[in-house]
2 protein chains.
Amino acid sequence: MPRQAAEATILAAAERVFGQHGFRGTSMNEIAQEAGVPKANIHYYFGTKEELYRSVLEGIMTFWLHDADYWLVPERRACDGFEGYIRAKMMFSRERPDASRIFAYELLQGAGNIHHYLSTTLREHVARRGQTFAVWEEDGQMPRVDPAHLMFAIWSMTQAYADMSAQMNAVIGNAHLLESDFETGLQTILRLVLGFCNDVAGKS
Amino acid sequence: MPRQAAEATILAAAERVFGQHGFRGTSMNEIAQEAGVPKANIHYYFGTKEELYRSVLEGIMTFWLHDADYWLVPERRACDGFEGYIRAKMMFSRERPDASRIFAYELLQGAGNIHHYLSTTLREHVARRGQTFAVWEEDGQMPRVDPAHLMFAIWSMTQAYADMSAQMNAVIGNAHLLESDFETGLQTILRLVLGFCNDVAGKS
DNA sequence: GTCTATATTGAGATAGAC
DNA sequence: GTCTATCTCAATATAGAC
């Protein structure tokens, strides 16, 4: 197998296994079996387990910010922006649940591997959202609110459909979340956030 | 040390260490040092690492349901109920962040150790919230909404202040969350949920 | 570049003295 | 009941043949 294909295969397998068992709960053996390559090859391509894990994390990070830069910009109407953004986040939880879970594990551990990323790139990213929200507030499209905490709320609600899916399955009574569950969740979250941004007249 | 005191000491230490590193990331050695007892004593009192972990989980579970049974009942006004419940959940994230994280780790792992609890006790618990919400909807105090998904939203937003605190710290720029951060978060969540339950006239 | 066989370490668990 | 010393095994990592 050529180098590039092998690395991609291993990274994809690692994302699945890390996403299910976390960093400490995953053995190199398991990743090797999932990828269908000998264990030694993973070390040959990626060095240590931790370096492999960091590579997986980096791939996830690049995905993280795209949606907000597309949707949460002053040129849009507030309601359109929030709806598009929340839809995109729900799609991510549905299509790449393992990536979402790896991120959640990393945060639970204290985020030691991505601290630099969080306190520079993500921090500036949130600051830009703050500028967008300031314009929308000025324009009377949404009430005054702390931008960071509003983002925290949206992230947690949408990522829950990957990170807490085991709990949702048990409560709903299915083996796994269905298309319709994601749709109901989306509508519920939209009700909360759009109700909020439609509510300006009555509040301010 | 008498048996009861030793067990309580070990359980408290285990909650701290499991809450920081998760089940797989925690060694019995670390718990022993945190508790200030020899490792062998932990095995004497609790058997295996997994049995100790389950004991910690059980202690957390009993706490879980109290608040909703107190606040989300038909006798209250919807707004009062939601506000009290959300305040209680935020307090839990602030005062027992390790307990919240252990629960989050367990859900990420697939909830194998608490599946029975989730699909019986918690499921019925959510069904009772559904009855409360139905009364409030009938009474025009809140719009029609899926009860389970509304609970999912509230749980994820409030627990994020324990589970995702590393991310929040980095974005806010502090070493740890302050009293004022919890207050701002609380107000943001209340805005979303109460805006929602005040919004009935304009919707239905 | 690829893989088998192995060195090394760390962790769960327990035997047995006190 | 309490603790030290030790057993056993699983997992990371690498040496070295092909």
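All of these numbers come straight from a predicted model, not from anything done at the bench.

(A) Region of the structure containing the domain arrangement of chain A. Residues and elements named next belong to chain A. Considered domain by domain, chain A is made up of domain 1 (3-57) and domain 2 (65-203). If you average the C-alpha positions of domain 1 and of domain 2, the two centres end up 29 Å apart. Listed by partner, the interface residues are 13 residues for domain 1 and ten residues for domain 2. Surface buried jointly by domain 1 and domain 2 totals about 960 Å² across both partners, of which 54% is contributed by carbon and sulfur atoms. Between Arg-96 and Glu-15 there is a salt bridge, with its nearest N and O atoms 2.8 Å apart. Viewed at the interface, domain 2 and domain 1 are joined by four residue pairs in polar contact (both at pLDDT 80 or more). Put simply, the parts of the chain that give the side of domain 1 that touches domain 2 at least two residues each are helix 1 (3-21) and helix 4 (49-64). Broken down by element, the side of domain 1 that touches domain 2 gets its largest block of residues, six residues, from helix 1. Of the residues in the side of domain 1 that touches domain 2, the class split is four nonpolar, four polar and five charged.

(B) Layout of the relation of the copies chain B and chain A. Mapping chain B onto chain A leaves a residual RMSD of 0.0 Å; the transformation is a rotation of 180° accompanied by 0.0 Å of translation along its axis. When the rotation and shift are considered jointly, the pair of chain copies conforms to a two-fold rotation axis. Both copies contact each other with a shared surface, as 100% of the interface residues of chain B are interface residues in chain A too.

(C) Broad picture of the packing of helix 2 (residues 28-35) of chain B against helix 3 (residues 39-46) of chain B. All names here are of chain B. The geometry of helix 2 relative to helix 3 is characterised by a closest axis approach of 8 Å and an angle of 100° between their N-to-C directions. By the angle between their directions, the pair helix 2 and helix 3 is classed as roughly perpendicular. Here helix 2 contributes Met-28, Asn-29, Ile-31 and Ala-32 to the contact with helix 3, which in turn contributes Lys-39, Ile-42 and His-43. Of the residues that constitute the contact of helix 2 with helix 3, the class distribution is four nonpolar, two polar and one charged.

(D) Expanded view of the packing of helix 1 (residues 3-21) of chain B against helix 3 of chain B. Residue and element names in this part refer to chain B. The N-to-C vectors of helix 1 and helix 3 enclose an angle of 110°; their axes lie 11 Å apart at closest approach. As judged from the angle between their axes, helix 1 and helix 3 are roughly perpendicular. Residues Arg-3, Ala-6, Glu-7, Ile-10 and Leu-11 of helix 1 touch helix 3, and the partners they reach there are Ile-42, Tyr-44, Tyr-45 and Phe-46. When the residues that make up the contact of helix 1 with helix 3 are grouped by side-chain class, the tally is seven nonpolar, no polar and two charged.

Cut-offs used in this document
Residues numbered from 1 in each chain as written. Chains lettered and ligands numbered in written order. Predicted model: local features only at pLDDT ≥ 70, side-chain atom pairs only at ≥ 80, totals over all residues. Heavy atoms only, no water. Domains from an automatic or database assignment. Contact = heavy atoms within 4.5 Å. Buried area = accessible area lost by both parts, 1.4 Å probe. Salt bridge = Lys/Arg side-chain N within 4 Å of Asp/Glu carboxyl O. Polar contact = N/O pair within 3.5 Å; in protein donor to acceptor, adjacent residues only side chain to side chain. Helix = DSSP H or I, 4+ residues; strand = E, 2+ residues; numbered from the N terminus. Nonpolar A, V, L, I, M, F, W, Y, C, P; charged D, E, K, R; others polar. Least-squares fit on C-alpha atoms with pLDDT ≥ 70 in both. Axes fitted to C-alpha atoms, helices over the stretch in contact; angles between N-to-C directions. Parallel < 35°, antiparallel > 145°, perpendicular 65-115°, else oblique.

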